[in-house]
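# Observations on the three-dimensional arrangement
Listed below are the residues making up each chain.
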Amino acid sequence: MKKILIINGPNLNLLGVREPEIYGDTSMEAYIDSLRQRHPRVELDYFQSNHEGAIIDQLHAVGFDNAVDGIVLNAGAYTHTSLAIADAIAAIQTPVVEVHISNVNAREEIRHRSLIAPVCRGVIAGFGMDSYRLAIEALIG
Ligand code: DQA
């Protein structure tokens, strides 16, 4: 059994409601249910916070001693701004995959820069909610 933690950052509690033309109309809760059905041998946990420090605390909490096998992180807009989250990822042992629902590189220029990408294992963006599944499969594969 592999353990994966999905961490969602700011405004991603509003998935399904927020700008559905960009982020779709599925809630994260419904999507996680479908992921659990698809991957019954993966223990999937979920954490969401709108607060930078809470995301950092969570990275520290699961980042050592094989607490989980991998972290799938959609840091939302903090992707583009947070040196503190980048430092936390660099500090921990657990591999982190950066995920975006939208194709950030096809959007405004400010979204093209990721401060966290250099310290992540890889980046998956632009496949809608399926980006999370692809990241999980990369981590368990
Ligand atoms: C996002 C892209 C970010 O630029 C944006 O700030 C988000 C969501 C995505 O999943 O496409 O909040 O990370």
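Thresholds, definitions, all that
- Residues numbered from 1 in each chain as written.
- Predicted model: local features only at pLDDT ≥ 70, side-chain atom pairs only at ≥ 80, totals over all residues.
- Heavy atoms only, no water.
- Core = buried A, V, L, I, M, F, W, Y, C linked by side-chain atoms within 4.5 Å.
- Buried < 20%, exposed > 50% of the residue type's maximum accessible area, 1.4 Å probe, protein only.
- Helix = DSSP H or I, 4+ residues; strand = E, 2+ residues; numbered from the N terminus.
- Contact = heavy atoms within 4.5 Å.
- Phe/Tyr/Trp six-rings, centres within 6.5 Å; stacked < 30°, edge-to-face > 60°.

Of all hydrophobic cores here, the largest spans 21 residues; its most connected members are I6, L15, M28, V72 and Y132. Contributing elements (two or more residues each) for this core: β1 (2-8), α2 (28-38), β2 (42-48), β4 (96-100) and α5 (130-140). Residues within four places of V72 in sequence aside, it is in contact with I4, L5, I6, I7, V97, V99, Y132, A135, I136 and L139. With 19 residues, the next largest nonpolar core counts L5, L59, I71 and L73 among its residues.

On to the packing of aromatic side chains. Inspection of every chain in the model, using the stated rule, returns one aromatic pair. Between Y31 and Y132 the ring centres are 6.1 Å apart and the planes differ by 50°, which places this aromatic pair in the tilted class. Of this pair, Y31 sits in helix α2 while Y132 is found in helix α5, placing the two residues 101 residues apart along the sequence.

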